[in-house]
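Coordinate analysis (summary)
Below are the chains, spelled out letter by letter.
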Amino acid sequence: MATFFQQLVNGLTLGSIYALVALGYTMVYGIMELINFAHGDMVMVGALVTLSLTHVLAGLGVPLALALPLSLLGAMAVCMALGWLIERVAYRPLRRAPRLAPLITAIGLSMVIEQVAALLWGRGYLTFSLPVSRVWNLGGVVVTPIQTGVLGLSLLLMWGLLWLVRKTSLGRAMRATAQNPEVARLMGVDTDQVISMTFVLGSALAAVAGLMVVAYYGIGNYTMGFMLGLKAFTAAVLGGIGSLAGAMWGGLLLGVVEALGAGYIGDVTGGLFGSNYKDVFAFLVLIGVLIFHPQGLLGGRAGEKV
Amino acid sequence: MTILLDIAGLSVCYGGIKAVAEVDLVVHEGERVALIGANGAGKSSTLKAVAGLMVPSSGQLLYDGTPLERLAVWQRVGAGLCLVPEGRGVFPRLSIEENLLMGAWHRRRDAGVLSDMERIYGLFERLKERRLQPAGTLSGGEQQLLALGRALMSRPRLLLLDEPSMGLAPLMVEKVFDVIRAIAGSGVTLLLVEQNARLALELCDRAYVMESGKVVLTGKADECLRDARVQEAYLGGDQS
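Structure report, in brief.

Thresholds, definitions, all that
- Residues numbered from 1 in each chain as written.
- Chains lettered and ligands numbered in written order.
- Predicted model: local features only at pLDDT ≥ 70, side-chain atom pairs only at ≥ 80, totals over all residues.
- Helix = DSSP H or I, 4+ residues; strand = E, 2+ residues; numbered from the N terminus.
- Contact = placed C-beta atoms within 7 Å.
- Buried ≥ 20, exposed ≤ 12 C-beta atoms within 10 Å, placed from the backbone.
- Pairing = 2+ DSSP bridges.
- Axes fitted to C-alpha atoms, helices over the stretch in contact; angles between N-to-C directions.
- Parallel < 35°, antiparallel > 145°, perpendicular 65-115°, else oblique.
- Left-handed = near helix turned anticlockwise from the far one by under 90°.
- Nonpolar A, V, L, I, M, F, W, Y, C, P; charged D, E, K, R; others polar.

1. Here we look at the overall build of chain A
Looking only at helices and strands, chain A has 11 helices and 4 strands in total. With respect to the three principal axes, the spread of C-alpha positions in chain A is 60 × 50 × 35 Å. Long-range pairs, those at least 24 residues apart, make up 77% of the contacts in chain A with a sequence separation of at least 6.

Pasting the structure below:
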């Protein structure tokens, strides 16, 4: 039973990171029906910028408690600027193009961002270790401060995003644009600006997710956004793409499925497959959802599109 | 009277076909102008060109003396020009209240927004009762009233109405036109596109009749009502 709860904690931690990234996919899809496959790489950029800035600041003698939040803010600024630029340069000219064009552009962008990152940071693995050795042992279930930090910050950010979308005038404009961009313009909404803001918001969340990934795993690499992006996309589809709440539940659920799968696959298959097969579960879920319930858990009419 | 909207030689192409051909149309401040004609005559396209949803292939659009091409679609409502689109275009998953607030988007920091909303709730009791429900749950007629209320929230100078009676039950059409009459009575200038020619002509001061993209007749609304050709084509023959 301890394994179960341990994997549940691990899964929720991982899942909350997926959820933050999935929100970026789902927001952009909700507002312009585009799958921004470069979004996973935004997480990588956020991660590596945070990592580098923390090292630089630590080298200058800034205490970690200050260096880490400062680095995160720096990474968020970089990602927000990059997200804005990508929308402006790569997607806006394709607003009236067939839907395949922006999709291919997204895949191309993803490659460009990865290769530029490889030039800047090299192709090796960069380490990032936070000096937190303390763990809490709750009846055999080990919880680390990093896990609680990841979970707490994710929940706070998700709550903040829901508040923004549901209660502020920007959120109202985002929902109006998602539901009917033409009428939104007739009502005086500069929909191009709203779309820009959507990219900027999603990119800021991706930067935070980037910090969480390097803090949790302790390493970063220019390709780290690829698999993470695919899984977050899976989470968004699982929850119902376009739905904010769906992205959150989809992310958490996917994380838990993956962790439990990794925890038990060895026992179930008699040691034939090990936990290194954990990535398989996400894609089994994706295939299952697409075949049996393509609108996702909260997709279609129930979901709140952005 | 000052000219508020001046359309000169407007042509609009739609997939290679000229939907509007060389239309001249003038709306004076405070006037109610009807644009009538059969389905596909180019009425809606004319209105959409004014709102900016369609780009004219030629011609000049002046609003309050300013060329409209200088204003993006979303900037026009701020200048006082508001279109209630065909099919109403309410935001189905926004609440009724949020829909109304969207109408006041360009003046969202204005303290008058809330009092305007109360005023509109005064006009439409039904909307107030259900203000927190999604607009998609309203009936077609109620959605049309909401679309009108939303347009009023923008404090328009020139209100463009595209087929407000379309798809509504007769009783609801009457209600919608009562509201339109009240709006016009409050001094808002009106350009009304309507297939129900009798309703439009009875409400308006002047009218333009369009046929296959061209203006074929223009004059005072009551004269149009008596015009033999209009009666024949749009008012169902020998009524007088």
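2. Comments concerning the environment of Phe177 of chain B
Residues and elements named next belong to chain B. Its place among the elements puts Phe177 in helix H7 (residues 170–185). Residue Phe177 is classed as buried on the basis of its C-beta count, with 20 C-beta atoms lying within 10 Å. Distance from Phe177 to Thr46, taken between C-alpha atoms, is 22 Å for residues 131 residues apart in sequence. Among residues more than four places away in sequence, those in contact with Phe177 are Leu199 and Leu203.

3. Digging into the sheet that holds strand S5 (residues 66–67) of chain B
For sheets, the rule is that strands pair by backbone hydrogen bonds, running either parallel or antiparallel. Residue and element names in this part refer to chain B. Pairing is antiparallel across the open sheet formed by 4 strands, whose spatial order is S2-S1-S4-S5. Edge positions in the open sheet fall to strand S2 (17–28) and S5, since each of these has one partner strand only. In this structure, strand S1 (residues 3–14) lies alongside S2, joined through 8 bridges in antiparallel fashion. Paired with Ile3 across the bridge in S2 is His28.

4. Observations regarding the sheet that holds strand S9 (residues 206–211) of chain B
Residues and elements named next belong to chain B. Strand order in the open sheet made by the 6 strands is S6-S7-S8-S3-S9-S10, with mixed pairing throughout. At either end of the open sheet lies a strand with only one pairing partner, and these are strand S6 (81–84) and strand S10 (214–220). In this sheet, neighbouring strand axes are inclined to one another by 15° on average, regardless of whether the strands run parallel or antiparallel. Where strand S7 (residues 158–162) lies against strand S8 (residues 189–194), 5 bridges are found, and the strand directions are parallel. Along S8, the bridge assignment pairs Asp162 with Val193.

5. As for the pairing of S9 of chain B
Residue and element names in this part refer to chain B. For S9, a buried count of 5 out of 6 residues is recorded, marking the element as mostly surrounded by other parts of the structure. As defined by bridge partners, strand S3 (residues 32–37) adjoins S9 across 5 bridges and the pair is classed as parallel. Note that in S9 the partner of Leu35 across the bridge is Tyr208. Where S9 lies against S10, 6 bridges are found, and the strand directions are antiparallel. Residue pairing for S10: Tyr208 is matched across the bridge by Thr218. Between S9 and S10, which pair antiparallel one after the other, the connecting turn spans 2 residues, and Ser212 there sits at a positive phi close to 35°.

6. Description of the packing of helix H2 (residues 39–59) of chain A against helix H4 (residues 100–121) of chain A
All names here are of chain A. Viewed as axis vectors pointing N to C, H2 and H4 meet at an angle of 20°, and their least axial separation amounts to 10 Å. Taken together, the axes of H2 and H4 are roughly parallel relative to one another. Handedness of the crossing formed by H2 with H4: left-handed. The residues of H4 that touch H2, namely those facing Asp41, Met44, Val45 and Leu48, are Ser110, Ile113, Glu114, Ala117 and Trp121. By residue class, the composition of the contact of H2 with H4 is 6 nonpolar, 1 polar and 2 charged.

7. Things to note about the interface of chain B and chain A
At the junction of the two partners, chain B supplies 21 residues and chain A supplies 16 residues. No other element matches the 4 residues that helix H3 (residues 96–103) of chain B contributes to the side of chain B that touches chain A. Among the residues making up the side of chain B that touches chain A, the classes are represented as 13 nonpolar, 5 polar and 3 charged.

8. A look at H3 of chain B
Of all the 8 residues making up H3 of chain B, 7 are buried; the element is thus mostly covered by neighbouring parts of the structure. Residues Ile96, Glu98, Asn99, Leu100, Leu101, Met102 and Gly103 of chain B constitute the buried set of H3 of chain B. Buried residues along H3 of chain B sit against helix H6 (169–179) of chain A together with helix H4 (112–123), helix H5 (125–129) and helix H6 (140–152) of chain B.

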